[in-house]
2 protein chains.
Amino acid sequence: MITIKEIAKKANVSRGTVDRVIHNRKGVKPEVEALVKAIIDQLEYKTNSAGKLLATKKKPITIGCVVPSIGNDFFLNLISGFNAAYKKYSDYGLTIKVKSIKAYRAEEHLNEIKKMIASGIDALLVTTIIDPCIIRCLNENIDKGLHVACVNTDLPTSKRLFYVGPDYYLSGKTSAGVLTLMSKSKQNILIITGSSSMYGHNERIRGFLDTLEDKGIDYNVEKIMEVEDDEETAYIESSNFLKKHKNEITTIYIVAGGVHGTCKAIKELYLDKISNTYINRPYVLTFDRCLQTNDFIIDGTIDATIGQQPFSQGYKSISKMFHYLAFNHEESYINDEIMDARLIIKENALF
Amino acid sequence: MITIKEIAKKANVSRGTVDRVIHNRKGVKPEVEALVKAIIDQLEYKTNSAGKLLATKKKPITIGCVVPSIGNDFFLNLISGFNAAYKKYSDYGLTIKVKSIKAYRAEEHLNEIKKMIASGIDALLVTTIIDPCIIRCLNENIDKGLHVACVNTDLPTSKRLFYVGPDYYLSGKTSAGVLTLMSKSKQNILIITGSSSMYGHNERIRGFLDTLEDKGIDYNVEKIMEVEDDEETAYIESSNFLKKHKNEITTIYIVAGGVHGTCKAIKELYLDKISNTYINRPYVLTFDRCLQTNDFIIDGTIDATIGQQPFSQGYKSISKMFHYLAFNHEESYINDEIMDARLIIKENALF
DNA sequence: TTGAAAGCGCTAACAG
DNA sequence: CTGTTAGCGCTTTCAA
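Per chain, residues are indexed from 1 in the order of the written sequence. Chain letters and ligand numbers both follow the written order, the letters beginning at A and the numbers at 1. Restriction of local features to residues with pLDDT of at least 70 applies here, the model being predicted, together with a cutoff of 80 or more for giving and counting side-chain atom pairs; totals for whole chains, interfaces and linings are based on all residues. Calculated side-chain values reflect all of the structure's heavy atoms, with hydrogen atoms and water omitted.

A. Spatial organisation of the relation of the copies chain B and chain A. To superpose the copies, least squares is applied to the C-alpha atoms of every residue with a pLDDT of at least 70 in both. With an RMSD of 0.1 Å, the operation that places chain B on chain A is a rotation of 180° combined with a shift of 0.0 Å along the axis. Both copies are brought into coincidence by an operation consistent with a two-fold rotation axis.

Right, dumping it as structure tokens:
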């Protein structure tokens, strides 16, 4: 294994000088720098992370996280991922601060992001809304030296370092793929979405419908319901709607929250109490895989769900940001990380 | 963060003594040991892995790997996982030796395992056949101090430390789950398996049929073909069989290798050359997700495949074994690691 | 039975 | 512009 010491010996300089070259610090004679760099390349020197981590642990790193996890199991799993990564790197001076907020409120998001930044952090991980004020605020702070990355929801027009999360369009396509496995005939679709201002939700719908189109499936979107992830709203509205259109709807496509409420309505309307089996239930497709969703898959209310690995999203985003900060802001850490669409049906639903 | 130094100060002993206590080394007065242990518990001391890794890198660790990867893409991916983990830990004195062998030959397996052990290794990672001679050989070496773990195929009756790989029964169930999404009517099934002496292959069949049974699907297994992962055999045999039974077979269930050969036969028999679409093609279900399989999913020959993350299997097994060896054989590293059954259809098949 | 000290690879502070 | 040195947490060797 090649160490700084060996490089130094080969170049006839001190370890300090090699260190300076490696970190592009000023104060090295150009020809010495060139020589050292050449040797580094030639010997394929790779920094030893244990050594580095040990030596740098004195200056602590704080990562702030702002996520809309209030009343949302998915984000609680994501936060578990944050915590797991924190646990792994706390030895090396990492601290995290997590702020849970409510979804959909741009103003609240902005406020909490500002508060988090003001509290003094080195980097920010955020799941928020595509909103010009928020993006401006983030960009301003990025210019001032804050390191920002997006988790679960990207802000493509911002100056964020990287994005860790799903490809919403692809997950919508996958959902449609399952539907076409089940049936090739005409579908009358009830779509239950979180909010029409959420990019990810819209993308899931777009991917879904595009794929039906591609596959030559005849379909009609009977209604798009916005329930803002509220289970009670989902229950009442879907219940009312399905009562009126019980035998017309062939597919219920639940894009975000509202799974529990909708499934409750489905059970009431389609489950035969005597045989305890569904009669003419529409196809039911959902996203994510929290405990409740899992129960509905097991009991046969949901045909399939698409998981997006919330835990990994949390874990990877912290881990990437930590490495980025700890290892000299190396570019190799700032690539986006797209989770794959995990298709879950009854048989592989076991946790 | 709690360090050995702090423990030592609190206990009024030297760091050496604390180290001795932590590693249960002899030569510490019982009361001192008790005191130090109490302080460790109280302060919730956790060893700092960077420090440990740095200090122990002098004594190199060699892990030997024996896998039946000859002519098998799946295991090449698994080996990539070995190499990725190796790359990560090579800084800390890890070396790996990988021996590729051919599947199904117990004698060859035994020979190569013996050779690998004789070449001088600290630990062995192996994918092999459930065979009494092999198990005896491994157990003898385990008794002599060799550390052994199973990758991809478990040897439950051996003294191996842990197993990293799929749950074959569950993956078979998942496959049947997809089939029942597509159709509830009677299935006439052609099963193409690797070998009837392979535990995993049998389990996949068992899980598949059990699930059809559970779901009240009427089915008949028309034929079980053993093709020993040979594509040519698969092509010839499936081609011959399907020519005779073209319109009877409703499902082709390919348990192991032979996907390429079988798909070639399917294309020849069912693909309409003019419209370039399938006419009355049976359902086709496979396992794993090598490049060829992926192509057949994209082009519509295969309905679904179940992936078992070969790369992760390789990566995790090396990583677990390395940590186990590097960190005092701590028990926390020797739990089994069961991969989940990844359901892949056309829409989420993109790599 | 215990302590002291050196050293793993790297960084940072200080001295020149 | 460059070298020296101390120290991050841990293990190991030597000495007591």
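B. Broad picture of the protein's contact with DNA strand D. Around DNA strand D sit 30 residues, and of these Lys29(A), Ile4(B), Arg15(B), Asp19(B) and Tyr45(B) come closest. Backbone atoms, meaning sugar and phosphate, make up 67% of the atoms of DNA strand D lying within 4 Å of the protein. One of the side-chain nitrogen or oxygen atoms of Asp19(B) is found 2.3 Å away from a phosphate oxygen of DNA strand D. By residue number, the principal contributor to the surface near DNA strand D is helix α4 (residues 49–56) of chain B, which donates five residues. Each residue is assigned to one of three groups, with Ala, Val, Leu, Ile, Met, Phe, Trp, Tyr, Cys and Pro labelled nonpolar, Asp, Glu, Lys and Arg labelled charged, and all others, Gly among them, labelled polar. When grouped by side-chain class, the residues that make up the surface near DNA strand D number nine nonpolar, 11 polar and 10 charged. Think of it this way: one heavy atom of a residue within 4 Å of a molecule or strand is enough to make that residue near it. Identification of polar contacts relies on pairs of N or O atoms within 3.5 Å, with a donor-acceptor requirement for protein atoms, meaning one able to donate a hydrogen and the other able to accept it, and with residues adjacent in sequence counted only if both atoms are side-chain atoms. Think of it this way: any DSSP run of H or I at least four residues long counts as a helix, any run of E at least two long counts as a strand, and we number them from the N terminus.

C. Examining the domain arrangement of chain A more closely. Residues and elements named next belong to chain A. Per the annotation, domain bounds derive from an automatic or database assignment of domains. Here chain A is partitioned into domain 1 (4–46), domain 2 (59–166 + 310–339) and domain 3 (168–307). For domain 2 and domain 3, the distance between their C-alpha centroids amounts to 31 Å. Note on contacts: a residue pair qualifies if any of its non-hydrogen atoms lie within 4.5 Å across the two residues. Between domain 2 and domain 3, the residue contacts involve nine residues of the former and 11 residues of the latter. With both sides pooled, the region where domain 2 packs onto domain 3 buries about 970 Å², and carbon together with sulfur makes up 60% of that total. Contact with domain 3 buries surface across domain 2, with Asp73, Tyr104 and Pro166 losing the most and accounting together for 52% of the total. Between domain 2 and domain 3 we count one residue pair in polar contact (both at pLDDT 80 or more) in total. Among the elements of the structure, α5 (73–89) and β5 (163–166) are those that each provide at least two residues to the side of domain 2 that touches domain 3. Here the residues of the side of domain 2 that touches domain 3 sort into five nonpolar, three polar and one charged. Buried area: the accessible surface (1.4 Å probe) lost by two parts on joining, summed over both.

D. Spotlight on the packing of aromatic side chains. Only Phe, Tyr and Trp rings are paired, with Trp represented by its six-membered ring, and only when their centres lie within 6.5 Å; those with planes under 30 degrees apart are stacked, over 60 edge-to-face, the remainder tilted. By the definition in use, this model includes 10 aromatic pairs over all chains. Measuring from ring centre to ring centre gives 5.4 Å for Phe74(B) and Phe75(B), while their planes differ by 85°; the resulting arrangement is edge-to-face. In this pair, the class of Phe74(B) matches that of Phe75(B), namely buried. Positioned over the ring face of Tyr278(A) is Arg281(A), at 5.1 Å from the centre of the ring. Exposure categories follow from relative accessible area, calculated using a 1.4 Å probe and restricted to protein chains: below 20% of the type maximum is buried, above 50% is exposed, and the middle band is partly exposed. Whether a charge sits over a ring depends on NZ of Lys or CZ of Arg being within 6 Å of the ring centre and within 35 degrees of the ring normal.

E. How the structure looks around a positive patch on the surface. Residues and elements named next belong to chain A. What goes into a patch is any residue over 30% in relative accessible area without a salt bridge, connected to like charges within 9 Å or, for nonpolar side chains (Val, Leu, Ile, Met, Phe, Trp, Tyr), within 5 Å. All accessible-area figures derive from a Shrake-Rupley calculation using a 1.4 Å probe, and residue coverage is judged against the displayed protein chains alone. Salt bridges are identified by distance alone: a Lys or Arg side-chain nitrogen within 4 Å of an Asp or Glu carboxyl oxygen. Positive charges are assigned to Lys and Arg, negative charges to Asp and Glu, while His and the chain termini are left out of the count. In plain terms, the charge of a residue is placed at NZ if it is Lys, CZ if Arg, CG if Asp and CD if Glu. A cluster of basic residues, Lys5, Lys9, Lys10 and Arg15, forms a positive patch on the protein surface. With respect to the secondary-structure elements, Arg15 resides in helix α2 (residues 15–22). On the basis of relative accessibility, which here comes to 56%, the residue Arg15 falls in the exposed class.

F. Expanded view of the environment of Lys46(B). When you line up the elements, Lys46(B) lands in the loop between α3 (30–43) and α4. Ignoring any residue separated from it by four or fewer positions in sequence, one finds Lys46(B) in contact with Lys87(A), Ser90(A), Asp91(A), Met1(B) and Ile2(B). At a separation of 3.3 Å, a polar atom in the side chain of Lys46(B) contacts the side chain of Asp91(A).

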